[in-house]
Amino acid sequence: SDFEGHLSLGQHLLILQDNKGNLTPEEVLNPTSPLQWQSSTQEIPNLGLGVSPHWFSVILNNNRGESLNAILDMPYTMMDYLDIYLVTGDTIIAVAQTGDQRLFSTRPLAHRNFLVPIDIPAGQSIQLIIRGESYGAMQLPLELWSTEAFFKTDQLAFAAQLVFVGAMIALIIYNFFLLVSTRDPNYLWYVLSMTSITFVVMSFH
């Protein structure tokens, strides 16, 4: 597909189930290994709850006449362990390990999403090998962005979230003053419910 600043990778992925959970990147990359890769048919692969680890593979081609500075974005941040290997030929040139069971400080970029910077030289390609493991849902809404397009879109999304949080805080404060002035216990439950909803929504983003 032509890359115009953003590309959803879901339907470009190959998927491999690691039933025993002990495959290594070298085994996954070995072309003689008898592995049964399956093509993804979903824009956002969703493999269910509590499944065994899975591997994903995709080749990124840069057909431009200049280097492509891109960001791999994994916005589903409840994946426990996510290991991303950048491969040229049969050589692993970089490894990024992230996931919500790892320290935030270990993320390649300090961001609420799992982000990995990728540079693809002009006329060349890079293969991504990704290992996902999670006790929750195994989802991979994987997206490739140009660096400029990502941060422009991310700022707009973050601004919308701030507007939502600001509106909720205003409602909470207003109803808290109504509670104080009227002594009506119904306002207490309203304030508590609005506060909990705000924190739940914030935790997802």
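Since this is a predicted model, take the numbers as computed values, not measurements.

Student: Residues and numbers for the layout of surface pockets, please.
Tutor: Of the pockets and cavities examined, the largest pocket occupies roughly 360 Å³. Along the wall of the largest pocket there are 17 residues; nearest its centre are Pro-75, Arg-112, Asn-113, Phe-204 and His-205. Secondary structure elements with two or more residues in the lining of the largest pocket: β12 (143-146), α2 (147-182) and α3 (185-204). The greatest single-element share of the lining of the largest pocket, amounting to five residues, is contributed by α2. Class assignment for the residues of the lining of the largest pocket results in seven nonpolar, six polar and four charged.

Student: Mind laying out the pairing of strand β10 (residues 125-133), listing which residues take part and the relevant values?
Tutor: Burial of β10 is extensive: seven of the nine residues sit out of reach of the surface. The sheet contact formed by strand β5 (residues 54-61) and β10 spans eight bridges and is antiparallel. Within the sheet, the bridge partner assigned to Val-58 lies in β10 and is Leu-128. With seven bridges joining them, strand β7 (residues 81-88) and β10 adopt antiparallel strand pairing. When the sheet's bridge partners are listed, Leu-82 is paired in β10 with Gly-132.

Student: Which residues make up the packing of α2 against α3, and what are the values?
Tutor: Where α2 contacts α3, the two axes come as close as 9 Å, and the packing angle between them is 165 degrees. Here α2 lies roughly antiparallel to α3, going by the angle between them. Relative to α3, α2 is oriented so that their crossing is left-handed. Residues Phe-164, Val-165, Met-168, Leu-171, Ile-172, Asn-175, Phe-176, Leu-178, Leu-179 and Thr-182 of α2 lie in contact with α3, whose contacting residues are Tyr-187, Leu-188, Tyr-190, Val-191, Met-194, Thr-195, Ile-197, Thr-198, Val-201 and Met-202. Among the residues making up the contact of α2 with α3, the classes are represented as 16 nonpolar, four polar and no charged.

Basis of the calculations
Residues numbered from 1 in each chain as written. Predicted model: local features only at pLDDT ≥ 70, side-chain atom pairs only at ≥ 80, totals over all residues. Heavy atoms only, no water. 1 Å grid on protein atoms, 1.4 Å probe; cavity = no way out; pocket = protein on both sides within 12 Å on 5 of 7 lines; lining within 4 Å. Points joined across faces, edges and corners; volume = space filled by probe spheres on them. Helix = DSSP H or I, 4+ residues; strand = E, 2+ residues; numbered from the N terminus. Nonpolar A, V, L, I, M, F, W, Y, C, P; charged D, E, K, R; others polar. Buried < 20%, exposed > 50% of the residue type's maximum accessible area, 1.4 Å probe, protein only. Pairing = 2+ DSSP bridges. Axes fitted to C-alpha atoms, helices over the stretch in contact; angles between N-to-C directions. Parallel < 35°, antiparallel > 145°, perpendicular 65-115°, else oblique. Left-handed = near helix turned anticlockwise from the far one by under 90°. Contact = heavy atoms within 4.5 Å.

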